[in-house]
Amino acid sequence: KLKAIICPSMLSCDFAQMGKEGQRMVDSGADWLHMDVMDGHFVPNITIGAPIIKSLRKALPNVFLDCHLMVSDPMKWVKDFQSAGASQITFHFECIEECKNNYSHKDIIHRINECGMKAAMAIKPKTPLQEKNENSKGLNALKVIEENIEHLNMILIMTVEPGFGGQNFMEDMMPKVKLLRQKFPHLNIQVDGGVNVETIDTCSKAGANVIVSGSGFCVNLLNHNIVSRFDILKGG
Ligand code: DX5
Ligand code: ZN
């Protein structure tokens, strides 16, 4: 049976208090901590990098650190994130052809696994799963997933344009979640962006089992509503 996984995004916390905030999330029932890494090139924002992950790992030796790399060249950073103590690296499907990288999806997945971390792949809102589009050039995301399914721990379906916390949830991404859930009953499917007490049920009904929330958890520090909502999902 698939496990419901609660995954607060640390992007919404006070970075000066990240260790405490992470601990508070774990104490409140978080399963993983979601770390949003942005390079100012793949997305129009700069956030944190491996050195911060390293500090957080020292503060929280046992927590699962789910690192969402919104970067143009993920291959370049795999080793640094391994040394920093990342548990999982999620790279973007679009980074391969869009950023003219001369390695394949298979290559990056292999490299992440080889470094002892779980590998996951993220899909931006404008990237369809089945048809080819301008973002993905000649590639079809579903095919890449099918071909690498044994080596992928998770697929992330973005429910906002990556780059910033606090945006509105895109419900029209749910067909992608449904399709993936139909095809892969045992796959971890993560949703990220605009997930809160109002939108979480839609995500879970579509088939998502790994739930990221930034502003839903962290801005309102004592908002335990969403945690209890997750408890209900976990029980059901
Ligand atoms: C957006 C990030 C998200 C972000 C979500 O690019 O990938 O993880 O922190 O924040 P909320 O939950 O506020 O939309
Ligand atoms: Zn994220």
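Heads up: these notes are all about the structure in this document. (Residues numbered from 1 in each chain as written. Chains lettered and ligands numbered in written order. Predicted model: local features only at pLDDT ≥ 70, side-chain atom pairs only at ≥ 80, totals over all residues. Heavy atoms only, no water.)

1. What about the side chain of Asn101?
Condition: The numbering of helices and of strands both runs from the N terminus, where a helix is a DSSP run of H or I of at least 4 residues and a strand a run of E of at least 2. Pairs of residues are marked as contacts when any of their non-hydrogen atoms sit within 4.5 Å.
Relative to the elements of secondary structure, Asn101 occurs in the loop between helix H4 (95-98) and helix H5 (105-114). Excluding anything up to four places from it in sequence, Asn101 contacts Ser72, Asp73, Pro74, Cys95 and Ile96.

2. Structural notes on the coordination of the zinc ion (ligand 2)
Our working rule: Note: metal donors comprise N, O and S atoms at 2.8 Å or less from the metal (3.2 Å for Na, K and Ca); water molecules are not included, so apparent gaps in a site are possible. Geometry is assigned from the angles between donors: four donors with all angles from 85 to 135 degrees make a tetrahedral site, four or six donors whose opposite pairs exceed 155 degrees while the rest stay between 65 and 115 make square planar or octahedral sites respectively, and everything else is labelled irregular. Each residue is placed in one exposure class: buried if its accessible area under a 1.4 Å probe, protein chains only, is under 20% of its type's maximum, exposed if it is over 50%, and partly exposed if it falls in between.
Distances from the zinc ion (ligand 2) to its protein donors, namely His34 (NE2), Asp36 (OD), His68 (ND1) and Asp192 (OD), fall within the range 2.1 to 2.3 Å. What the six donor atoms of the zinc ion (ligand 2) show is an angle range of 71 to 169° at the metal, which sorts the shape as octahedral. On the primary sequence, the residues serving as donors to the zinc ion (ligand 2) are separated as H-x1-D-x31-H-x123-D. Highlighted residues: His34 in strand S2 (residues 32-38) and Asp192 in strand S7 (residues 188-192), separated in sequence by 158 residues. Asp192 matches His34 in its accessibility class, with the two residues each being buried.

3. Observations regarding the pattern of salt bridges
Applied cut-off: The rule for a salt bridge is simple: a side-chain nitrogen of Lys or Arg has to be within 4 Å of a carboxyl oxygen of Asp or Glu.
Here the structure, examined in full by the defined rule, presents five salt bridges. Residue Arg24 is joined to Glu21 by a salt bridge in which the shortest nitrogen-to-oxygen separation is 3.2 Å. Of this pair, Arg24 and Glu21 both sit in helix H1 (residues 18-27), three residues apart, which is roughly one turn of the helix. By relative accessible area, which is 8% here, Glu21 ends up buried.

4. Notes on the pairing of strand S6 (residues 154-158)
Selection rule: In this analysis, strands are considered paired if DSSP registers two or more bridges between them. With its strands directed away from the observer, a crossover is right-handed exactly when the path from the first strand over the helix to the second travels clockwise.
S6 sits mainly inside the fold: five of its five residues count as buried. The side-chain alternation of S6 yields two buried faces, one formed by Met154, Leu156 and Met158 and the other by Ile155 and Ile157. The pairing of strand S5 (residues 118-123) with S6 spans four bridges and is classified as parallel. Within S6, the residue paired with Ile123 across the bridge is Ile157. Bridge analysis of S6 against S7 gives five bridges, and the strand direction is parallel. Note that in S7 the partner of Met154 across the bridge is Asn188. With helix H7 (residues 174-183) bridging S6 and its parallel neighbour S7, the resulting β-α-β unit is right-handed.

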